[in-house]
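# Residue-level structure breakdown
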Amino acid sequence: QPYIEYRDTVLRGEGSEDRYGVFPIVSFTPTEQRRINTIVESINDQYRLSIADFAEGKKGEAEWDAFVSNLKGYGADDLIQIYNNAYTRYKESKQ
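Cut-offs used in this document
In this convention, every chain numbers its residues from 1, walking through the sequence in written order. Per-residue local features are limited, in this predicted model, to residues with pLDDT of at least 70; the limit for side-chain atom pairs, both in listing and counting, is 80 or more; totals at the level of whole chains, interfaces and linings are taken over all residues. Processing note: side-chain calculations cover all non-hydrogen atoms of the structure and skip hydrogens and water entirely. In this description, a nonpolar core means a group of buried Ala, Val, Leu, Ile, Met, Phe, Trp, Tyr and Cys residues linked to one another through side-chain atoms lying within 4.5 Å. To sort residues, take the accessible area from a 1.4 Å probe on protein chains only and compare it with the maximum for the residue type: under 20% means buried, over 50% means exposed, and anything in between is partly exposed. Secondary structure elements are taken from DSSP: a helix is a run of H or I of four residues or more, a strand is a run of E of two residues or more, and numbering for both begins at the N terminus. Whether two residues are in contact is decided by their heavy atoms, any of which lying within 4.5 Å being enough. Axis geometry follows a simple rule: fit a line to the C-alpha atoms, using only the stretch in contact for helices, then measure angles between N-to-C directions, giving values from 0 to 180 degrees. For a crossing to be left-handed, the near helix must be turned anticlockwise from the far one by less than a right angle; the clockwise case is right-handed. Amino acids outside the nonpolar list (Ala, Val, Leu, Ile, Met, Phe, Trp, Tyr, Cys, Pro) and the charged list (Asp, Glu, Lys, Arg) are all regarded as polar, and Gly is one of them. In this scheme, a helix's expected span is set at 1.5 Å multiplied by one less than its residue total. This arc corresponds to the set of directions leading from the helix axis out to the C-beta atoms. Just to be clear on terms, a salt bridge is a Lys or Arg side-chain nitrogen sitting within 4 Å of an Asp or Glu carboxyl oxygen.

What follows deals with the nonpolar core. Counting residues in each nonpolar core, the largest one holds nine residues, listed as Ile36, Ile39, Ile43, Phe54, Phe67, Leu71, Ala76, Leu79 and Ile82. Counting only elements with at least two residues in this core, the list comes to helix 3 (30-55), helix 4 (61-73) and helix 5 (76-93). If one sorts the elements of this core by residue count, helix 3 sits on top with four residues. Apart from residues no more than four positions distant in its own chain, Phe54 is found in contact with Lys59, Gly60, Glu63, Trp64 and Phe67.

Here it is, written out as structure tokens:
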């Protein structure tokens, strides 16, 4: 459980709010976390397949929109919405 230790001591430890105040630590429901895992795995696979081609100039600007559409097809918009929902819950919990 190295991540949990890191999270609890570094990210959530004393003074962490000063260092990480711009990026609050949000919580996800189990359903959201499963969806995040699925989406991120799909997006990472697609990203790895394509990003080197853009970096090396094998794919140009004209193909960028199709690349972004592909990522959206893998759930990028859903991922953003999940994070937005978690952030909304975070803000509401601070009121």
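Within the secondary structure, Gln46 is located in helix 3. Sequence-wise, Gln46 and Asn70 are 24 residues apart; in three dimensions their C-alpha atoms are separated by 8.1 Å. If we skip the residues at most four places from it in the chain, Gln46 touches Phe67, Asn70, Leu71 and Tyr74.

So, about the packing of helix 3 against helix 5. It is at 9 Å that the axes of helix 3 and helix 5 come closest, and there the two elements cross at 145 degrees. Classified by chirality, the crossing of helix 5 by helix 3 is left-handed. Between helix 3 and helix 5, the contacting residues are Glu32, Arg35, Ile36, Ile39, Val40 and Ile43 on the first element and Ala76, Asp78, Leu79, Ile82, Tyr83, Asn85 and Arg89 on the second. Across the contact of helix 3 with helix 5, the residue classes tally to eight nonpolar, one polar and four charged.

Before going further, it helps to spend a moment on helix 4. Here helix 4 spans 19 Å end to end across 13 residues, near enough to the 18 Å set by a 1.5 Å rise per residue. Two residues or fewer past helix 4, Gly75 is found with a positive phi of approximately 110 degrees.

Glancing now at helix 5. The end-to-end C-alpha distance of helix 5, which contains 18 residues, comes to 26 Å, matching closely the 26 Å that a straight helix rising 1.5 Å per residue would cover. Those residues of helix 5 not exposed but buried are Ala76, Leu79, Ile82 and Ala86. On an axial view of helix 5, the arc spanned by its buried residues comes to 125 degrees, and they lie on one face. At its buried positions, helix 5 is contacted by helix 3 and helix 4.

Its place among the elements puts Ser42 in helix 3. Classification of Ser42 as partly exposed rests on a relative accessible area of 24%. Distance from Ser42 to Tyr74, taken between C-alpha atoms, is 6.2 Å for residues 32 residues apart in sequence.

A few words on the pattern of salt bridges. All told, the structure shown has four salt bridges when counted by the stated rule. Taking the shortest distance from any N to any O, the salt bridge between Lys58 and Glu56 comes out at 3.1 Å. On the basis of relative accessible area, Lys58 is assigned to the exposed category, the value being 60%. Of the residues examined, Glu56 reaches a relative accessible area of 54% and is grouped as exposed.

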